[in-house]
Structure formats: structure tokens, C-alpha cells
Amino acid sequence: SQTIHQWPATLVQPVGSPLSLECTVEGTSNPNLYWYRQAAGRGLQLLFYSVGIGQISSEVPQNLSASRPQDRQFILSSKKLLLSDSGFYLCAWSAYRLELQQDTQYFGPGTRLTVL
Amino acid sequence: GESVGLHLPTLSVQEGDNSIINCAYSNSASDYFIWYKQESGKGPQFIIDIRSNMDKRQGQRVTVLLNKTVKHLSLQIAATQPGDSAVYFCAENIRNSGYALNFGKGTSLLVTP
């Protein structure tokens, strides 16, 4: 079965410091991978997605970047964190569901980032 | 901006009752919908999904209904249990828009004994 891991689970960082969040997926090959951010009490906002190694699409302009150095690894980074970068960051992977002819996204456990 | 919204931000039900969580969407090009359950401090968990060429889909204790005429989606949970307490999100994918899912803000379901 497929599993998705994220680390760290929680992170407290000062403003202006760098960031690196990691996501890995097991049990599948060539998944689509996604980074979302969830602000407190709100829905999820798609930040980046990747359909393959080295292929990154950005959905919103921001202070963050993403990279996919390996097939099942997705990294979210920043050179200098802002206060507004605080939030709950979720990685997801998608699998094609034949019965619906549609990609379905499955989420990881998330990383709680607090920028002070 | 979001085209997926919720009728009620919170819903309180008694254990054993059936729960109905509603969601409205505005884009007629939306062709795929998913319900997720999110417990506090955890990532969203897939519950059930449906395509726009369907009206109803059933899982274990859950049913999703889609009314395209009024652009309305609902999640029905049978015999609600305390473990069902969570925030429930509906999400939509718009045809030919790529992989992005638009999420609603969520409904908090509280199951009381």
C-alpha cells in the first residue's frame, strides 16, 4: 500500500531564516506530487505541483519554492521566511482511479510551521 | 477565489443519528468532487468522490449526492459515531483546468453521546 511521510511534524523558525520541508511517498511510482498550505480555520490552497522529476508548476506567486530531486521526494523551501508563511503545510500525491477516470489526491500528515 | 462553499460552518448531531453536510459550487465546468475528513492537527483523509456524470455514490456508511441542476453536493454519514467528529471539506476539480482542487472552508461536525 502507499504511504506518504512529511517531516518535520512541527517547526518554529525566526523571520528571515531558511526553510526546508520534505515529503516522501512509498509504494507507488511516478506519482503527481503537491504542496498545499492551510491557514488556520480555512481551506487548502495549492502552492506547487509536480508531474515528474525536476518538473515544478507554481500556482501562486510567493516566497516559497519547490523541488523534486527524486521520483518520490518533494521539497518545499524558502531562503528567507516571512511571518505570513506560518501555516499548516500539506503534501499530497495522486493516483489515477480507473472507475472514475480521475486523479485522486491523498494527503500526508502535514507540517505545522510557525514563523516568529 | 473559491467557488466551493459550505451552507453551515458547524453541525452538531447525536451519536447514532444520520449526518448531512452540504456544499455548493458555482462553476458548471466542475466535473469531479471529493469529500475529505480532517481531524485536528492531521492531514485531510479521503472519504469518497464522485464525477459529474453521476448522481450518487455510496461507500461504507457514507453517501455522496450530486445535484448538478442546483450545483449542490452533500455528504451523508449514517449512524454517526464519536470518531466521525472532524472538519469535513468538499473539493472540486474543474474540467481541463489541470490538477488543482478548489477547497471549501469546511464544516465542523461534532458528535455528542
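Structure's up top.
As the structure is a computational prediction, the values presented were derived from the model and not from experiment. (Residues numbered from 1 in each chain as written. Chains lettered and ligands numbered in written order. Predicted model: local features only at pLDDT ≥ 70, side-chain atom pairs only at ≥ 80, totals over all residues. Heavy atoms only, no water.)

What follows deals with the packing of aromatic side chains. All names here are of chain A. What the rule picks out here adds up to 13 aromatic pairs over all chains. With a centroid separation of 6.4 Å and 35° between ring planes, the pair formed by Y34 and Y49 is classed as tilted. Highlighted residues: Y34 in strand β4 (residues 32-38) and Y49 in strand β5 (residues 44-52), separated in sequence by 15 residues. The same class applies to Y34 and to Y49, which are both buried. Centroid distance W35 to F74: 6.0 Å. Interplanar angle 25°. Geometry classified as stacked. On the criterion of sequence distance, the pair formed by W35 in strand β4 and F74 in strand β8 (residues 73-78) is long-range, its members being 39 residues apart. On the basis of relative accessibility, which here comes to 0%, the residue W35 falls in the buried class. (Phe/Tyr/Trp six-rings, centres within 6.5 Å; stacked < 30°, edge-to-face > 60°. Helix = DSSP H or I, 4+ residues; strand = E, 2+ residues; numbered from the N terminus. Buried < 20%, exposed > 50% of the residue type's maximum accessible area, 1.4 Å probe, protein only.)

A side chain of one charge can pair with a side chain of the opposite charge when the charged atoms of the two come close. Applying the stated criterion across every chain yields a total of seven salt bridges over all chains. Between R68(A) and D71(A) there is a salt bridge, with its nearest N and O atoms 3.3 Å apart. A residue is classified by how much of its surface remains accessible, and D71(A), at 21% relative accessible area, is partly exposed. In this structure, R61(B) engages D84(B) in a salt bridge whose closest nitrogen and oxygen atoms are separated by 2.9 Å. Taken together, the positions of R61(B) in the loop between β6 (56-58) and β7 (62-67) and D84(B) in the loop between β8 (72-77) and β9 (86-94) put the pair 23 residues apart, joining distant regions of the chain. Members of the salt-bridge network, linked through shared partners, are E99(A), D49(B) and R57(B). (Salt bridge = Lys/Arg side-chain N within 4 Å of Asp/Glu carboxyl O.)

Here we come to the nonpolar core. Ranked by internal contacts, the top residues of the largest apolar core, which has 21 residues, are W35(A), F48(A) and Y89(A). Those elements that place two or more of their residues in this core are β3 (19-26), β4, β5, β8, β9 (87-97) and β11 (111-115) of chain A. The element best represented in this core is β3(A), accounting for four residues. Grouped together as the second largest cluster of nonpolar side chains are 20 residues, I21(B), W35(B), V62(B) and C90(B) included. (Core = buried A, V, L, I, M, F, W, Y, C linked by side-chain atoms within 4.5 Å.)

All names here are of chain A. You can see R68 is positioned in strand β7 (residues 65-70). With 34 residues separating them along the chain, R68 and Y34 place their C-alpha atoms 10 Å apart. In terms of polar contacts, R68 uses its side chain to reach the backbone carbonyl oxygen of S50, at 3.1 Å. (Polar contact = N/O pair within 3.5 Å; in protein donor to acceptor, adjacent residues only side chain to side chain.)

Let us now look at the side chain of T28(A). Inspection of the secondary structure puts T28(A) in the loop between β3 and β4. Apart from the residues lying within four places of it in its own chain, the contact partners of T28(A) are Q2(A), R72(A) and W93(A). (Contact = heavy atoms within 4.5 Å.)

Between W7(A) and the following residue, P8(A), the backbone shows a cis peptide bond with an omega angle of 0°. Mapped onto the secondary structure, P8(A) falls in the loop between β1 (3-7) and β2 (10-13). Although it is not a glycine, Q101(A) sits at a positive phi angle of roughly 50°. For Q101(A), the position within the fold is in the loop between β9 and β10 (102-107). Taking the relative accessible area as the measure of exposure, Q101(A) reaches 53% and is therefore exposed. One non-glycine residue, R61(B), lies in the positive phi region at around 65°.

Keep in mind that these numbers describe shape and distance, not what the molecule does.
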